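Chain by chain, the residues:
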Amino acid sequence: MNIFRLATVLVAALALPVMATAQTAPKKPAAREAAPVTANWPTRTVKLLVGFPGGSTPDMAARTLAEPLSRALGQPVIVENRPGASGNIAADLVSKATDDHTLGVVINGNLTSAKMLYSRLPYDPAKDFTPISLLTTAPLVLVAPVNQPSGNDFFLAARNGGDKWNYGSVGNGSVGHLGMELLKTKAGNLAAVHVPYQGNPQVITALLGGQIQMALVPPGIALPQIKAGKLKAIGLTSGRSALASEIPSLSEADVRNLNLEVWTALVGPARLSKAAQARLAQEVPRIIRDNETRQKLFNQGWQAVGTSPEGLSSRIRSETAIMGGIITMRGIKID
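Residues numbered from 1 in each chain as written. Predicted model: local features only at pLDDT ≥ 70, side-chain atom pairs only at ≥ 80, totals over all residues. Heavy atoms only, no water.

(A) Region of interest: the overall build of the chain. Along the backbone of the chain there are 13 helices and 11 strands. Looking at the chain residue by residue over its 335 residues, the buried ones come to 51%. Intrachain contacts of the chain at a sequence separation of at least 6 include 77% that bridge at least 24 residues. (Helix = DSSP H or I, 4+ residues; strand = E, 2+ residues; numbered from the N terminus. Buried < 20%, exposed > 50% of the residue type's maximum accessible area, 1.4 Å probe, protein only. Contact = heavy atoms within 4.5 Å.)

Shown next, in the form of structure tokens:
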């Protein structure tokens, strides 16, 4: 009897390591699954779609990102321009991409105000994209031909000009459009008429030619013309900025409570693979915050940001509320 009990104890003792191994075994697959998540993507060329022409500020940001991203990923990264509809054509192509290698460098409106402006928008900003990173931000500069006055006198002239004055933007529903409509209410109910263009280079050409009297444009587009004495800076839509330290804020011309920025972001389609998401979330913020990239973007008139996907999602939510207020207040609809 004692021998039987001893044998039972020995069998139980020998079984303990086996039981312990069985209890801890489920933890191993998780470690094995995590290892290759950033190693199996990309497998071919990555495309960055931009909804504005070459030379536009979103295009410059995309091309600044493309080269270092290509080095980091070990695959070519190319920029394709698909201009039109304030960037919504390119955004729609990104939302419907199925190749796992098509991304988009988009602007504010594509992710915030588009759904409120277009009743038949072919994509849903809240559902059809994978946020990756907020890339760059910049205040807007209110610019005018050099023969216009400055400061308060400019707004007096604009009020007196009524609907004989025009202003330009990169398209209906763009930040330049919505920002000007907000500015019109804050600067004494200006009556200037909106004239949409395909991109900021065309807006600048119209200013230089006298077809429009003012526009809100990014510093990277405005500063070369201002420094050359071809255009006049009236003020920034934020406080003073290192991007354009010599330009006053619009609040210094008694335009209060106007704080708008233009920004670019990297997004993929909602179906973007987890491997792609993880790799991009790792590489893109690091590249954007790199000193060399940061300086290149600064020289273009951009403040480098480089957020996490969660940081971009937060910015989209907050700005959607702000843009929604402007759209409702002014009754803006594109179709």
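There is more to say, and it comes next.
(B) Representation of the environment of K230. With respect to the element layout, K230 can be found in the loop between α10 (219–227) and β9 (231–236). Through-space distance from the C-alpha of K230 to that of P145 is 7.1 Å; in sequence the pair is 85 residues apart. Sequence-distant contacts of K230, that is, excluding residues within four places in its chain, are made with V146, L208 and Q225.

(C) Representation of the packing of aromatic side chains within the structure. By the definition in use, this model includes three aromatic pairs. Measuring from centroid to centroid gives 5.3 Å for Y123 and F129, while their planes differ by 75°, and the two rings are edge-to-face. The exposure class of Y123 is buried, given its relative accessible area of 3%. Its relative accessible area of 9% is what places F129 among the buried residues. One aromatic cluster is present, built from ring pairs that chain together F154, F155 and W165. (Phe/Tyr/Trp six-rings, centres within 6.5 Å; stacked < 30°, edge-to-face > 60°.)

(D) Summary view of the sheet that holds strand β2 (residues 77–81). Taken in spatial order, the six strands make up an open sheet running β2-β1-β3-β10-β4-β11, and their pairing is mixed. A single partner strand is all that each edge strand has here, and the edge strands are β2 and β11 (303–304). As judged from the nine bridges shared by strand β4 (residues 129–139) and strand β10 (residues 261–269), these two strands associate in the antiparallel manner. Within the sheet, the bridge partner assigned to P131 lies in β10 and is V267. Running at roughly 10° to β4, helix α11 (residues 274–289) makes contact with β3 (102–107), β4, β10 and β11 of the sheet. (Pairing = 2+ DSSP bridges. Axes fitted to C-alpha atoms, helices over the stretch in contact; angles between N-to-C directions.)

(E) Geometry of the sheet that holds strand β5 (residues 141–145). Taken in spatial order, the five strands make up an open sheet running β7-β6-β8-β5-β9, and their pairing is mixed. In the strand order of this sheet, the two ends are held by β7 (193–196) and β9, each with one partner. The average angle at which neighbouring strand axes cross in this sheet is 30°, direction not considered. Strand direction decides the pairing type here: strand β6 (residues 166–169) and strand β8 (residues 214–217), joined by two bridges, are parallel. Across the sheet, residue Y167 finds its bridge partner in β8, namely M214. Strands β5, β8 and β9 of the sheet are contacted by helix α7 (residues 151–161), whose axis makes an angle of about 70° with β5. Together, β5, β8 and β9 form the strand contacts of α10, whose direction differs from that of β5 by roughly 35°.

(F) A look at helix α3 (residues 57–73). For α3, built from 17 residues, the straight-helix expectation of 24 Å at 1.5 Å per residue is met to within 8% by its first-to-last C-alpha distance of 24 Å. Where α3 bends most, at A66, the angle is about 30°, and the proline P68 comes one to four residues later. Buried within α3 are the following residues: T57, P58, D59, A61, A62, T64, L65, A66, P68, L69, S70 and L73. Just past α3, the residue G74 takes up positive phi, approximately 75°. (Expected span 1.5 Å × (residues − 1). Bend = angle between axes of the 7 residues up to and from the residue.)

(G) The arrangement of the nonpolar core in detail. Counting 76 residues, the largest nonpolar core has L48, L65, L142, F155, L183, M214 and L266 as the members making the most contacts within it. In this structure, V143, A215, L223 and I226 belong to the second largest nonpolar core, which totals 17 residues. (Core = buried A, V, L, I, M, F, W, Y, C linked by side-chain atoms within 4.5 Å.)

(H) Layout of the side chain of T137. Positionally, T137 belongs in strand β4. Taking relative accessible area as the criterion, T137 reaches 7% and is therefore assigned buried. Those residues in contact with T137 that lie beyond four places of it in its chain are L243, E261, V262, W263, W302, Q303, V305 and R315.

(I) Quick peek at the pattern of salt bridges. Scanning the entire structure with this criterion turns up 14 salt bridges. Across the pair R315 and E261 runs a salt bridge whose closest N-O atoms are separated by 2.8 Å. Taken together, the residues span a long stretch of sequence, with R315 in helix α13 (residues 309–330) and E261 in strand β10 at a distance of 54 residues. You can call E261 partly exposed: its relative accessible area is 26%. Salt bridges sharing partners connect three or more residues here, namely E181, K184 and R330. (Salt bridge = Lys/Arg side-chain N within 4 Å of Asp/Glu carboxyl O.)

(J) Highlighting helix α9 (residues 200–209). Taken as a whole, α9 has its buried residues at N200, V203, I204, A206 and L207. Considered in projection along α9, the buried side chains sweep an arc of 160° and stay on one side of the axis. Close packing links the buried residues of α9 with α3, β5, β6, β8, α10 and β9. Once α9 ends, the next one or two residues include G210, with phi positive near 80°. (Arc of directions from axis to C-beta.)

(K) Main features of the environment of N189. Along the polypeptide, N189 turns up in the loop between α8 (175–186) and β7. On the accessibility criterion, N189 (60% relative accessible area) is exposed. Once the C-alpha coordinates of N189 and G162 are considered, the two residues, 27 residues apart in sequence, prove to be 9.5 Å apart.

These results come straight from atomic positions and should not be treated as a statement about function.
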